[in-house]
Amino acid sequence: MKSHTKTILHTLLLFIIGTASVFAQAGKPGIKVSGTLQDEQGKPMDYATVSLLKAQDSTTVKGTLSTETGTYTFDHINAGSYIIKATVVGYEKAISQPLTITDASANLTVPVLKMKQGSHSLNTVTITVAKPLIEHKFDRTVMNVENSALAAGNSAMEILERAPGVTVDKDDNISLKGKQGVTVMINDKLTYLSAAQLATLLRSTDGTTIQSIEIITNPSAKYDAAGNSGIINIKLKKNNQSGTNGSVTLGAGAGTYGKDNGTLSLNHKEGNLNIFGSFSHDDNERFHQLDIKRIVTDSMGNKTYFNQLSFMPQTHHDNSYRFGADYDIGSKNTIGFLINGYSNTEVDNNVNNTYIGTQPNVTNSYQNTYSTINQTYKNFAVNLNDKLLIDTNGQELNVDLDYSKFNNNSLAQYDTYFFNPDGSTMAPPVFLRNQTPSVITIKTAKLDYTLPINKTLKLETGIKLSDVKTDNNLQAQQQENGAYVNDTTLTNRFIYTEKIDAAYVNLNKSYKNTTIQAGLRAEYTSSTGDLVTTNEVVNRHYLNFFPSVFINHTVNDKNEFGLSYSRRIDRPGYDDLNPFVYYLDQYTYEKGNPFLNPQYTNNFELNYTWNKTINVSVGYSHTTDAITQVLLTDPVSKATYQTNLNLQSQNNYNISINSPYTINSWWTGNVNATAFYLGLKTDSLLGANFNRGKVAYQGQLTQTFQVAKSYKIELMSRYQSSLDYSIFFVKPQYSNDIGVSHSFDDKKANIKFSVSDIFNQLRNDVTSNYQSNDLDIKQKNETRVARLTFTYNFGNSKIKSREHQSGADDLKGRVKGAN
């Protein structure tokens, strides 16, 4: 079985090389050159990249991979002087002495090459072994963004869309391996954001401030139980150098519209004090094109045909800031604070033309809606933290206190004009104005305690208290006789409060080759949704338990297995509970559902890792009361609106394969492929039993070319097959990105050029044909954007500080926002 597994993995790597059009020449006369690779203990180094180079200029003649026994062979080598170079991730490169081959030479055996493990310099911060773009660990997949050319000029949202197994739909909902309900963290701190608020935050976060993105599909009991499909943790960069240093980033972009961005980061470390801060500004104008064809059938069987054409340009001006400090009171105690926030504006100028008829391709009337929406988003958050190392055995106590406040406001003007087919006025125009102020406050307190009981047994426990309040006030006005008057049918105020008291315990036991972790988390939730205008109140109080189990077994230094289980919860987003109505026009809108219940998910996952590089995972999850986006039709007004409902159950089966590969010393990459089945079932949806599901596929190929000492090219290709979600059929999606970077001035300066969606192919097209819903949606965003970004690092970079993990690594308050 073991040899078969290795053979399959070896075949996979050879297939990747084959697809890259690297072929060996056959039948050519010459000498055979062979040799063996070993590590420092004399064990064979299998599947290392071995290159035959010309000794004169180090140009590559041939490349191959070492076998399971560490051997390699080059056939048909002509006379000349050569050297052998061997590379593998995690080891320093090995280079042979020069080899001389003449026409009279016999086959040549190269002396054994020893490969040493990579190391870090003690007196600089230069890392001798570069991290791959995609890195797999036991409990998570890591996307190392920091040195990627594709991060140039991109926001955190745009980078996240490129992460393995991650998709972002038209409404900014994030899915992982086909499952929605992802929880997003920043520096290990959960950020309870609605889809709209999260999109605002991620789009205003400059990609150059990101170190890595961690994808945790099955979190332990230490983490909040929210998020049925796992956690995405965005790790921001942190200063580890004494003295004063920083960086300046300036960027410009061009798509359909122009863009610019800039970031200034400063750090100062002196003795026990570390001070850091950053400010980012971004100007971004983009568009969203939406075409909807739908057929509405009334109770008598009569059909009305709608053809809606919408063009929605958006102009964003985003400013975000971050300032903090941590101080080592002694060798065992670190205190810190962090202040961060943003102040963003968005202006939407939408044009929507709706053509209405009683027969296909026949217009009986049409209407034009012009809407101008001015929005502001402001956030201010404070974090206080304390980390105490109680003893030298690893016993420690961490305390975090957070306060965060969001102030959001939207002022929208909707002007609708009605026409007959010949263009004459059909009815007087309707002018509607909405003002939607929203205030969100969050207070949290968290304590985590770690106790190593002995060398093989560790206890983790902690508590967390959170208190959240949102106040949303929709003030709707309609023009009558030249003056705006309050529209009581649309005006509404919604106040939502939520308190969660949580506690957890984790036990971690290590055996010779096996590690077992078992945990239990309890959360008591009290929430109140108050529809002030209609005097409706929804109260909920519930206690839930969330067990988790993780087993990891190392067979040998090449094979590792993991098995995990956890129970999760997804509480409805605050914007999903908010019953406000948001219009595109009078026939198309969306609104929340204040009666949504939480959904619960049981997750199972089996992992296999070969050689700490190639990973295969198989997973299954079952969700009850699945929160699902649907489209409903009002038979009287013939309007179609989007909302969320609880469906009976959802099943997800998935298998994922992730493999880095090395073709030669200058060509490396990563392949990620996922197949999943997503099925939804409920006894009654729009008056009928619903049971629908489909197998879908996702693939991502990343290639990195080190074309010269200071030049790097990255290519990324992504594909997602068609899939079923709820009543929607989502059509295939695919795109290709490219990035080129050049470092100079002793690597202090870097210039990057990147183009996203090179061929402008990325679309989000959806159809639905269920019960009375018959629609075809075509969507196109501004996805092809060229960016040029310059980064300069300045200040002291020679002295590395004493490393410590501070509570100040945690960022962002606990926020759920209704937008």
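This text goes with the structure placed above it.
Now for a quick tour of the structure. (Residues numbered from 1 in each chain as written. Predicted model: local features only at pLDDT ≥ 70, side-chain atom pairs only at ≥ 80, totals over all residues. Heavy atoms only, no water.)

Looking at the overall build of the protein
How we decide: Helix and strand assignments come from DSSP, with helices taken as H or I runs of at least 4 residues and strands as E runs of at least 2, each series counted from the N terminus. For each residue, the accessible area found with a 1.4 Å probe, counting protein chains only, is set against the maximum for its type, and the residue is called buried under 20%, exposed over 50%, and partly exposed in between. Residue contacts follow a heavy-atom distance rule, with two residues in contact if any of their heavy atoms lie within 4.5 Å. Using the Shrake-Rupley algorithm and a 1.4 Å probe, accessible areas are obtained, with residue cover drawn only from the displayed protein chains.
In terms of helices and strands, the protein carries four helices and 48 strands. A buried classification covers 51% of the 819 residues belonging to the protein. Restricting to contacts in the protein with at least 6 residues of sequence separation, those with at least 24 account for 66%. Accessible surface computed for the protein: about 36,300 Å², of which carbon and sulfur atoms make up 55%.

Observations concerning the pairing of strand β45 (residues 749-756)
For clarity, the cut-off: Pairing between two strands requires that DSSP report at least two bridges joining them.
Most of β45 sits inside the fold, with six of its eight residues counted as buried. The sheet contact formed by strand β44 (residues 733-744) and β45 spans seven bridges and is antiparallel. The residue of β45 that forms the bridge with Phe744 is Ala749. Note: β45 against strand β48 (residues 785-795), eight bridges, orientation antiparallel. By the bridge assignment for β48, Ser754 is matched with Arg787.

So, the environment of Ser280
The condition that has to hold: Residues adjacent in sequence count toward polar contacts only when both atoms are side-chain atoms; beyond that, a polar contact is any pair of N or O atoms within 3.5 Å, and within protein one must be able to donate a hydrogen and the other to accept it.
By the element assignment, Ser280 lies in strand β21 (residues 273-297). Using a relative accessible area of 7% as the deciding quantity, one classes Ser280 as buried. Spatially, the C-alpha atoms of Ser280 and Asp318 are 7.9 Å apart, while their sequence positions differ by 38 residues. Polar contacts involving the side chain of Ser280 include one to the side chain of Thr263, which spans 2.9 Å.

Points about the pairing of strand β24 (residues 365-389)
Inspection of the sheet shows strand β23 (residues 333-357) paired to β24 by 24 bridges, in the antiparallel sense. For Val347, the partnering residue across the bridge sits in β24 and is Asn374. Pairing analysis gives 24 bridges linking β24 to strand β25 (residues 396-419), with the strands arranged antiparallel. For Tyr366, the partnering residue across the bridge sits in β25 and is Phe419. In textbook terms, the turn of a hairpin is the stretch between consecutive antiparallel strands, and for β24 and β25 this stretch comprises six residues, one of which, Gly394, has a positive phi near 105°.

Details of the nonpolar core
Heads up, the rule is: Here, nonpolar core means buried Ala, Val, Leu, Ile, Met, Phe, Trp, Tyr and Cys residues that are tied together by side-chain atoms lying within 4.5 Å of each other.
In this structure, Leu685 and Ile727 are the most contacted members of the largest nonpolar core, which totals 29 residues. The residues touching Ile727, leaving out its near neighbours within four places in the chain, are Leu631, Leu685, Phe690, Arg692, Thr767, Ser768, Asn769, Tyr770 and Asn773.

Some thoughts on the side chain of Glu460
Note that Glu460 resides in strand β28 (residues 457-480). Contact partners of Glu460, with chain neighbours within four places excluded, come to Lys222, Tyr449, Thr450, Tyr504, Val505, Asn506 and Gln517.

Focus: the packing of aromatic side chains
The geometry of an aromatic ring pair comes down to the distance between the two centres and the angle between the two planes. Selection rule: Here the aromatic set is Phe, Tyr and Trp, taking the six-membered ring for Trp, and pairing holds for ring centres within 6.5 Å; pairs whose planes are under 30 degrees apart are stacked, those over 60 apart are edge-to-face, and all others are tilted. Distance and angle both matter: a charge sits over a ring if NZ of Lys or CZ of Arg is within 6 Å of the ring centre and within 35 degrees of the ring normal.
Enumeration over the complete set of coordinates arrives at 22 aromatic pairs. Their ring planes at 35° and their centres at 4.8 Å tell us that Tyr620 and Tyr653 sit as a pair that is tilted. Taken together, the positions of Tyr620 in strand β37 (residues 614-633) and Tyr653 in strand β38 (residues 640-664) put the pair 33 residues apart, joining distant regions of the chain. On the accessibility criterion, Tyr620 (26% relative accessible area) is partly exposed. Here Tyr653 falls in the partly exposed class, since its relative accessible area comes to 42%. Joined through ring pairs, the aromatic side chains of Tyr565, Phe604, Tyr620, Tyr653 and Tyr677 make up one cluster. Over the face of the ring belonging to Phe306 we find Arg294, whose NZ or CZ atom lies 4.2 Å from the ring centre. Between the NZ or CZ atom of Arg433 and the centre of the ring of Tyr484, over which it lies, the distance is 4.0 Å.

Remarks on the environment of Ser105
Among the secondary structure elements, Ser105 is positioned in the loop between β7 (99-101) and β8 (108-109). On the accessibility criterion, Ser105 (24% relative accessible area) is partly exposed. Setting aside residues up to four positions removed in sequence, Ser105 forms contacts with Ile31 and Thr100.

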